[in-house]
Every structure is written in structure tokens, then in C-alpha cells.
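An overview of the molecular structure
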Amino acid sequence: MISAKVKKTTADIKKIKIQGAHTIAVAAVDSLSGIEKISDIKSCIKLLRDARPTEPMLRNSLDYILYKKDSGFTTKEAIQDYHLMIDEAVEHIAKAGARRIKDGMKIMTRCHSSTVATVLKRAKEQGRVFEVYVAEARPLYQGRITANELSKAGIPVTLIVDSAMRHYINDMDLAMTGADAITSDGFAINKVGTSMMALAAHEARTEFGMVVELLKFDPETKLGEQEKIEMREPKEVWDKPPKGVKVLNPAFDVTPPEYIHFLTTEGGVINPYTMLNVIQSKYPWIDISLA
Ligand code: RUB
């Protein structure tokens, strides 16, 4: 049986009422609370894991709950354990990420990544003085969530449209985003337009990095699967386009590893090519060989 809470959470994830890889994964795991029967858990997980296709952290997190249930944990214990693991991961990322933020820096980011926001807020709490340019991430403008959150934390923020990223990148000391997925060959998938930001940063010789939990690694890519790019409704871009005009709305794009200077993870600051090794030692329960 699928609970009303799981149905609602799945719907909210699909509609982007719940957004960002980390928040999606945590909401999905939390929605399993109170469901103990393994057959019910499996039905709920089946529904939740496909709520958005480009979200390995969602799938890895749900797999973790199943793994813990198989090891004899109650659902409540498995969820508590998951929270401990994920909170510890974010704490490591916040510490390592904040170290890279120096006084006087101008930093560009885009869309809304809770992980990026946590790093920037941590640097601010530590007394660092810096400012952030946020690209808005049309069509759903999640950049406004970031701008609002950082501004409330007392960080000076400037909002720009996505197409102004290259115009301002020369003024930046650092460009930094979150990620939804990292593949076995080190490619990173994040909100569509991120690859343009990385490209502009590369051209301007501005450092570009990502702050990312290791659970965003997609084990299926180890077997040669390509990360699926979610296609969203065209009407998010243009509600009623004129007849004859086709609208495409990919949610994400792919940034090649050669444009990514660092990945700040709970396993340390690494380059994208080494993600596989780090995740294997940190989370051996992710069955990479048989994925
Ligand atoms: C959000 C997005 C975020 C990543 C990382 O896209 O691309 O950068 O999910 O976020 P959407 P986090 O709004 O379509 O979900 O660091 O919070 O996991």
C-alpha cells in the first residue's frame, strides 16, 4: 500500500514544490516514516525513486533505507541513521567549502542548491566578507530562492539573468554550483545552463567548482548508462506559444570534468575523476560492481 504522504511527496517533487537534489532525497526518505511492512516500503520506494529522473541521490538514499531494513533496522531507525549520515556529510562539506571562501571574493552561483547556500552561510558565520552574484535559472527562477536566502543571512547579493553570466564572470574570483548527478567518468549534471557557466569560467580563467554530496554519484553510469536528462513541460517556458513554435525545456545539462576544478565532498576536495574511488571507500553499501 502506498501512503497518502508518499503520494503527496512524490507529487510535490514532480511539481518542484520540493526542489534541489538534497532536499528531494531527504523529503522522500522522511515520507517513509511510519511504514514498517517491507512490501509497503518497496511499493512506496518504487513510486518515489522515479519522481524525477536525474536524481541519483534520491535513488541512493532510498536504497540506503532498504539496505538498513535488510540489516534488521526498523524504518524509524533507518531514517534516523540516514539523517545522521547525511548531516555529517553536509557538515564536512560546509567546513571544507567555507575554507575556500576568502575575504573580498566575488562568487558566482546559480539556481538553488542547499549545499552551496550552506557553504556560503558557513563562510559568512565565520566572519568572511564576500559577495555573491546569482544567475536566476529561467524558467522557474530558483536563483531567486538563493538570492533571498543569502540576503537574509546578511550576504551581499546581486541577481542576474542567465545570459549575463559571461558578461560578469571576468569580475569573479570563484564560480560554484551544486550538482544533481556525477557520472563514473566525472561528468557533472546540474541545472541547465551550468555548463555555460563552467565554459565561461574556463575562458575567463575563473575557478569553477561544485559542492556535492557523494550520494549524487550515479552507480548506473558505471555500467555504461548515460545519465537521463529530465525534460519538463514546455509550458514552464512559454505557456501559449504561437502555432508552429516548438518549445524544449531540459531541466539539466552536462558539464565535462575538464571544466571542473574541484568537487567539495564529504570525502574531501577531489577532482571529478576520483569520485568513484572515494565513494567506494566511504559508502561500500552502494553496489557499484553490480549496479
Ligand atoms: C536544482 C539544482 C541544484 C541541485 C543541487 O534544480 O539544479 O543545483 O539539485 O542542489 P531543481 P542541492 O530546482 O530543478 O531541483 O545542493 O540542494 O542538492
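Look up a bit, the structure's there.
Nothing here was measured: the structure is a model prediction, and the numbers come from that model.

Re the site of the ligand
- Around the ligand sit 18 residues, and of these Ser113, Ser114, Thr115, Asn190 and Lys216 come closest.
- Measuring from an oxygen atom of the ligand, one finds a side-chain N or O atom of Gln19 at 2.7 Å.
- Taking Ala21, its main chain carries an N or O atom lying 2.9 Å from an oxygen atom of the ligand.
- Summarising the interface, the protein chains cover 100% of the accessible area of the ligand, which totals 460 Å² for the free molecule.
- Classifying every residue of the shell around the ligand by side-chain character gives five nonpolar, nine polar and four charged.

Examining the packing of aromatic side chains
- Enumeration according to the criterion identifies six aromatic pairs in this entry.
- Clustering of aromatic rings is evident, with ring pairs tying together Tyr64, Tyr67, Tyr82, Tyr283 and Trp285.
- Lying over the aromatic face of Phe262, Arg100 brings its terminal NZ or CZ to 4.0 Å of the ring centre.
- Across from the ring centre of Phe252, 4.8 Å away, lies the NZ or CZ of Lys191, which sits over that ring.

Some details on the packing of helix α2 (residues 21-30) against helix α5 (residues 75-99)
- Axis separation between α2 and α5 bottoms out at 10 Å; the angle between their running directions is 165°. The orientation of α2 with respect to α5, classified from their angle, is roughly antiparallel. When you trace α2 past α5, the crossing you get is left-handed. Judged by residue contacts, His22, Ala25, Val26, Val29 and Asp30 of α2 engage Ile79, Tyr82, His83, Ile86 and Val90 from α5.
- Among the residues making up the contact of α2 with α5, the classes are represented as seven nonpolar, two polar and one charged.

Analysis parameters
- Residues numbered from 1 in each chain as written.
- Predicted model: local features only at pLDDT ≥ 70, side-chain atom pairs only at ≥ 80, totals over all residues.
- Heavy atoms only, no water.
- Near = heavy atom within 4 Å.
- Polar contact = N/O pair within 3.5 Å; in protein donor to acceptor, adjacent residues only side chain to side chain.
- Areas by Shrake-Rupley, 256 points an atom, 1.4 Å probe, with all protein chains shown as cover.
- Nonpolar A, V, L, I, M, F, W, Y, C, P; charged D, E, K, R; others polar.
- Phe/Tyr/Trp six-rings, centres within 6.5 Å; stacked < 30°, edge-to-face > 60°.
- Lys NZ or Arg CZ within 6 Å of the ring centre and 35° of its normal.
- Axes fitted to C-alpha atoms, helices over the stretch in contact; angles between N-to-C directions.
- Helix = DSSP H or I, 4+ residues; strand = E, 2+ residues; numbered from the N terminus.
- Parallel < 35°, antiparallel > 145°, perpendicular 65-115°, else oblique.
- Left-handed = near helix turned anticlockwise from the far one by under 90°.
- Contact = heavy atoms within 4.5 Å.

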